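What follows is the residue order along each chain.
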Amino acid sequence: MGSENSALKSYTLKEPPFTLPSGLAVYPAVLQDGKFASVFVYKRENEDKVNKAAKHLKTLRHPCLLRFLSCTVEADGIHLVTERVQPLEVALETLSSAEVCAGIYDILLALIFLHDRGHLTHNNVCLSSVFVSEDGHWKLGGMETVCKVSQATPEFLRSIQSIRDPASIPPEEMSPEFTTLPECHGHARDAFSFGTLVESLLTILNEQVSADVLSSFQQTLHSTLLNPIPKCRPALCTLLSHDFFRNDFLEVVNFLKSLTLKSEEEKTEFFKFLLDRVSCLSEELIASRLVPLLLNQLVFAEPVAVKSFLPHLLGPKKDHAQGETPCLLSPALFQSRVIPVLLQLFEVHEEHVRMVLLSHIEAYVEHFTQEQLKKVILPQVLLGLRDTSDSIVAITLHSLAVLVSLLGPEVVVGGERTKIFKRTAPSFTKNIDLSLEGDPFSQPIKFPINGLSDVKNTSEDSENFPSSSKKSEEWPDWSEPEEPENQTVNIQIWPREPCDAVKSQCTTLDVEESSWDDCEPSSLDTKVNPGGGITATKPVTSGEQKPIPALLPLTEESMPWKSSLPQKTSLVQRGDDPDQIKLPKVSS
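Residues numbered from 1 in each chain as written. Predicted model: local features only at pLDDT ≥ 70, side-chain atom pairs only at ≥ 80, totals over all residues. Heavy atoms only, no water.

If you look the protein chain up in an unreviewed UniProt entry, it shows as Protein-associating with the carboxyl-terminal domain of ezrin from Pongo abelii. Per UniProt, the protein chain has the following entry under Function (unreviewed entry): "May play a role in regulating cell adhesion/migration complexes in migrating cells." (UniProt positions renumbered as here; feature names shortened; annotations may be inferred.)

Shown next as structure tokens:
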């Protein structure tokens, strides 16, 4: 109690307030930490009543009782600060029949708690004493009139008559012979007031409640709670088993509230058929009342719930497509009710919670804003990469791939990127460049023929690759005046730099030839000598081919080479000794 009071430093009142029939003003307020609250402003002359109400709110803790935060004395009166609520009179028009039924059940539980556990009587159960919290629960307030059963004397009841609702006063108090009720019937006064309140609320219920059930409940109220004889009014706990409180919504809510007390068999049976039970409820009711009860650590730890129900809640409705999971909420309700809960769950560092969230991230991630993705979702997801669980790391990587499409790789991966993988594809019929324009690795490779590269085709497409069908006129004219036959030309080609593909220390070509006239690339045949060299044959005019020995020893350090000879240049001068002729190294 004290920690809550000391933690509350300041708040800001919001306009306009709501004034209760007793004259009490209720302001909506915002606390210093941003949380919402309500402030009840009392007049200073009612300080005793305020202190009494604050005392009961501090000491009595129940989910269906108004939660106390602080009490301060200000210039305009005494401020009683509680959780954010609104009067039932204001919210009643927006509530469905299922919510009204559940609200009546909440007030019934609150009164049973006061009677059985606190041995207290409220003395003013009416519409102005009931409030609706942000999560839809009804809360019993108006604790100024609460007292012990033995203290509810005629004198005390007359002292609080100004703030009591006349409709809630039982008929026995009108009698001059009225005396204090005995302890065993101390609940009778509140039973009559509760019956009067419920009877007025039943008039707004629609066809969602069975007519037979509604009629039976009304008869029970008149015969028990509204009985004019106090001793004939039973304890309120006898109403809990009535069929009026047996509906899908109320049973689901009650089961989820006591989930930790249920057996494994009960939980399995409950979650197995939960989808069928909630499908008949309105979307607004599911979103406002069931989402907070279903999206939490306890439900995420139930395997049947994770498999059978949660996939229908962790995504908005879409156009029905074959194979897609039907969901319960529209995109608008999903955005307003589910997304805030998911943001809180991403900050829960429990393995089973994170596994469920990331397993369905594709279904709901598009409904986060860019700011939420960058400041909350992405940092929390990245934490999974450092976890020791292999399953967490694997599903985290999958989730990062989903976030890349929404935030971009620069945000998710970070740092500068470079092109490493080229977009190319092999083709045996035609070279098609699939890489970026200007990529040096995407150009077709021209292979030299017998070591002589085609200079003309170095800048052309692979479609213009020289073939054996090319005419001899396209080759350089190397013809010279006739030379004596059997003249030997010894060509030594010195290596340049080592190459990874083919390496050779030296390549020697011995050519026995009378002339280079009429030489065409397509007519030069080669064969491999037993000694490891290559023999080239030169075409002759008679159709026969003379062998031209060409020794090309290929070693490990040889490399591809190209040679280019100038046109119309004589390789051998007349009178020179063929054995002594050496050509200089030719650079390609």
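1. Concerning the overall build of the protein chain
Within the protein chain, the secondary structure is distributed over 20 helices and 16 strands. For the protein chain, the proportion of its 588 residues judged to be buried stands at 41%. Taking all contacts inside the protein chain whose residues are at least 6 apart in sequence as the whole, residues at least 24 apart take part in 62%. With an accessible surface of roughly 33200 Å², the protein chain has 53% of that area assigned to carbon and sulfur atoms. (Helix = DSSP H or I, 4+ residues; strand = E, 2+ residues; numbered from the N terminus. Buried < 20%, exposed > 50% of the residue type's maximum accessible area, 1.4 Å probe, protein only. Contact = heavy atoms within 4.5 Å. Areas by Shrake-Rupley, 256 points an atom, 1.4 Å probe, with all protein chains shown as cover.)

2. Points about the packing of aromatic side chains
Within the structure shown, the criterion is met by nine aromatic pairs. Measuring from centroid to centroid gives 5.6 Å for Phe 217 and Phe 245, while their planes differ by 80°, and the two rings are edge-to-face. Separated by 28 residues along the polypeptide, Phe 217 in helix α7 (residues 211-225) and Phe 245 in the loop between α7 and α8 (248-257) bring together distant segments of the chain. Note on Phe 244 and Phe 245: the rings are 5.2 Å apart at their centroids and 80° apart in plane angle, and the pair reads as edge-to-face. As far as burial versus exposure is concerned, Phe 244 and Phe 245 are alike and both buried. Site record: aromatic cluster; members linked through ring pairs are Tyr 105, Phe 217, Phe 244 and Phe 245. (Phe/Tyr/Trp six-rings, centres within 6.5 Å; stacked < 30°, edge-to-face > 60°.)

3. Regarding the packing of helix α4 (residues 97-116) against α8
Where α4 meets α8, the closest approach of the two axes is 9 Å, and the angle between their N-to-C directions is 50°. By the angle class used here, α4 and α8 are oblique. Contacts between α4 and α8 involve Ala 98, Cys 101, Ala 102, Tyr 105 and Asp 106 from the former and Phe 249, Leu 250, Asn 254 and Lys 257 from the latter. A per-class count over the contact of α4 with α8 returns six nonpolar, one polar and two charged. (Axes fitted to C-alpha atoms, helices over the stretch in contact; angles between N-to-C directions. Parallel < 35°, antiparallel > 145°, perpendicular 65-115°, else oblique. Nonpolar A, V, L, I, M, F, W, Y, C, P; charged D, E, K, R; others polar.)

4. Overview of helix α15 (residues 331-345)
Each α-helix turn comprises 3.6 residues. Residues three or four places apart therefore point the same way. Along its 15 residues, α15 runs 19 Å from first to last C-alpha, staying within 8% of the 21 Å computed at 1.5 Å per residue. In α15, a bend of some 40° at Val 338 exceeds every other bend along the element, and Pro 340, a proline, comes one to four places later. Here α15 has its buried residues at Leu 333, Phe 334, Val 338, Ile 339, Val 341, Leu 342, Leu 343 and Leu 345. Those residues of α15 hidden inside the fold are in contact with α11 (283-294), α12 (297-300), α14 (310-313), α16 (351-359), α17 (361-364) and α18 (370-382). (Expected span 1.5 Å × (residues − 1). Bend = angle between axes of the 7 residues up to and from the residue.)

5. Comments concerning the UniProt feature "repeat: HEAT" (unreviewed entry) in the protein chain
Here the UniProt-annotated "repeat: HEAT" (unreviewed entry) positions come out as residues 338-375. Helix and strand shares over residues 338-375 are 71% and 0% respectively, and the end C-alpha atoms of the span are 18 Å apart.

6. Side note on the packing of α18 against helix α19 (residues 390-407)
Relative orientation and spacing of two packed helices are given, respectively, by the angle between their axes and the distance between those axes. Axis separation between α18 and α19 bottoms out at 11 Å; the angle between their running directions is 160°. Classified by the interaxial angle, the pair formed by α18 and α19 is roughly antiparallel. Crossing geometry of α18 relative to α19 is assigned as left-handed. Of α19, the residues touching α18 (which contributes Gln 370, Leu 373, Lys 374, Leu 378, Val 381 and Leu 382) are Thr 396, Ser 399, Leu 400, Leu 403, Leu 406 and Leu 407. For the contact of α18 with α19, a count of residues per class yields eight nonpolar, three polar and one charged. (Left-handed = near helix turned anticlockwise from the far one by under 90°.)

7. Some remarks on the sheet that holds strand β7 (residues 85-87)
Ordered in space as β7-β9-β10, the three strands form an open sheet in which the pairing is antiparallel. Of all strands in the sheet, those bounded by a partner on one side alone are β7 and β10 (138-140). Averaged over all pairs of adjacent strands, the angle between their axes in this sheet comes to 40°, without regard to strand direction. Across three bridges, strand β9 (residues 130-133) lies against β10 in antiparallel orientation. What sits directly across from Phe 131, in β10, is Lys 139. (Pairing = 2+ DSSP bridges.)

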